[in-house]
Amino acid sequence: MSDIINKVAQSALTTLNLEELLHPGERVVYDIKDNLFMELMLREKDFRAFVKDNDWSVYAGKNVAIICSADAIVPTWAYMLLATKLHAHANYYVFGDLEALEQALMQEAIAKINPEDYRDAKVVVKGCGSIPVPTYAYVEVMRKLLPVSSSVMYGEPCSTVPLYKKPKAV
């Protein structure tokens, strides 16, 4: 009886799992609505006092989406002031909802990919994971891989969809 050979493990494929690049920190929303006077407008003196005295360490390591869910007058500087406090504690923060936060985190993760790590490699961009990866992320990663990789596939190493193969030099 012959041994079972794992041909996938022995292949020259390099797997790129976008899920693994995302920061694992909790995603939370900071709603500036709670700082408004009668949910209509921001009072600068009160807001500055809140920002100064609030315990911002509760956001340590978290990823924060800053929103205002009330239809109110909120000056741009107020969001900037929040950023001055979140910067020291949060892993990441954005103005926008959780979807905007997730997109920003994915863009940051893709920006950290070193294309040279995939030079002349046969790359499998992993699909179907436990965390939903948005389609735009797969398109963005192609922008990084196409100039350097010898081929790009999508799926799992045992079942891939070929997408690109570098033309042979003449």
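Nothing here was measured: the structure is a model prediction, and the numbers come from that model.

Trainee: Teacher, can you tell me more about the sheet that holds strand 1 (residues 13-16) here?
Mentor: Picture the strands of a sheet paired through backbone hydrogen bonds; they go either parallel or antiparallel. Strand order across the open sheet formed by four strands is 1-5-6-7, with mixed pairing between neighbours. One side of each edge strand has no neighbouring strand; the edge strands of this open sheet are strand 1 and strand 7 (159-165). Here the strands of the sheet are splayed against their neighbours by 30° on average, with no regard to which way each runs. As defined by bridge partners, strand 6 (residues 151-156) adjoins strand 7 across six bridges and the pair is classed as antiparallel. Each bridged residue has a counterpart across the sheet, and for G155 the counterpart in strand 7 is T160. Sheet strands in contact with helix 6 (residues 135-145) are strand 1, strand 5 (122-126), strand 6 and strand 7, and its direction is about 165° off that of strand 5.

Trainee: Honestly, the pairing of strand 5 in this entry has me stumped. Any pointers?
Mentor: Side-chain positions along a regular strand alternate between the two faces of the sheet. Two strands pair when backbone bridges link them, and strand 1 and strand 5 are joined in this way by four bridges, in the parallel orientation. By the bridge assignment for strand 5, T14 is matched with V123. In terms of strand pairing, strand 5 meets strand 6 through five bridges, oriented parallel. Residue pairing in the sheet places K122 in a bridge with S151 of strand 6. Between strand 5 and its parallel partner strand 6, the chain crosses via helix 6, and the hand of that crossover is right-handed.

Trainee: Would you take a moment to explain the sheet that holds strand 4 (residues 92-95) for this structure?
Mentor: Taking strand neighbours across the sheet as the criterion, the three strands line up as 2-3-4 in an open arrangement whose pairing is parallel. Edge positions in the open sheet fall to strand 2 (27-31) and strand 4, since each of these has one partner strand only. Taking each pair of neighbouring strands and ignoring which way they run, the sheet shows an average axis angle of 25°. Note that strand 3 (residues 63-67) and strand 4 share four bridges and pair parallel. Bridge pairing in strand 4 places V64 opposite Y93. Lying over the sheet, helix 4 (residues 76-86) contacts strand 2, strand 3 and strand 4, oriented at roughly 165° with respect to strand 3.

Trainee: Which parts of the structure should I look at to understand the pattern of salt bridges?
Mentor: Side chains that differ in sign of charge can pair as their charged atoms come close. Going through the model one piece at a time under the given rule, you end up with eight salt bridges. The salt bridge partner of E26 is K62, with a shortest N-O separation of 3.7 Å. One end of the pair, E26, is in the loop between helix 2 (18-21) and strand 2; the other, K62, is in the loop between helix 3 (44-53) and strand 3, with 36 residues separating them in the sequence. Here E116 makes a salt bridge to R119, at a shortest N to O gap of 2.6 Å. Taking relative accessible area as the criterion, E116 reaches 46% and is therefore assigned partly exposed. Its relative accessible area of 41% is what places R119 among the partly exposed residues.

Trainee: Would you take a moment to explain the nonpolar core for this structure?
Mentor: Among soluble globular proteins, nonpolar side chains are generally buried collectively. Grouped together as the largest cluster of nonpolar side chains are 23 residues, with contacts concentrated most on L16, L18 and L145. Of all the elements in the fold, those that place two or more residues in this core are helix 5 (98-111), strand 5 and helix 6.

Trainee: I tried to follow unusual backbone geometry on my own but got confused; where do I start?
Mentor: It is generally the case that most residues other than glycine have a negative phi and that most peptide bonds are trans. Here the phi dihedral of E39 falls at roughly 55°; this positive angle occurs in a residue that is not glycine. Mapped onto the fold, E39 is located in the loop between strand 2 and helix 3. Owing to a relative accessible area of 42%, E39 belongs among the partly exposed residues under this scheme. For D120, which is not glycine, the phi torsion reads 60° and is therefore positive. Structurally, D120 is set in the loop between helix 5 and strand 5.

Rules of the game
- Counting restarts for each chain, with residues numbered from 1 along the sequence as it is written.
- Selection of residues for local features in this predicted model requires a pLDDT of at least 70, selection of side-chain atom pairs for listing and counting requires 80 or more, and totals for whole chains, interfaces and linings are taken over all residues.
- Working from all heavy atoms in the structure, the side-chain values ignore hydrogens and water.
- By definition, two strands form a pair when at least two bridges between them are found by DSSP.
- Counting from the N terminus, the helices are the DSSP runs of H or I reaching at least four residues and the strands are the DSSP runs of E reaching at least two.
- Geometry is summarised by axes, namely lines fitted to C-alpha atoms with helices restricted to the contacting stretch, and by angles between N-to-C directions that run from 0 to 180 degrees.
- Any two residues whose heavy atoms approach within 4.5 Å at even a single point are treated as in contact.
- Clockwise travel from the first strand over the helix to the second, with the strands pointing away from the viewer, marks a crossover as right-handed.
- A side-chain nitrogen of Lys or Arg and a carboxyl oxygen of Asp or Glu constitute a salt bridge if their distance falls within 4 Å.
- Think of it in three bands: residues with accessible area under 20% of the maximum for their type are buried, residues over 50% are exposed, and the middle band is partly exposed, with areas taken using a 1.4 Å probe on protein chains only.
- Here the nonpolar core consists of buried residues drawn from Ala, Val, Leu, Ile, Met, Phe, Trp, Tyr and Cys, with membership extended through side-chain atoms lying within 4.5 Å.

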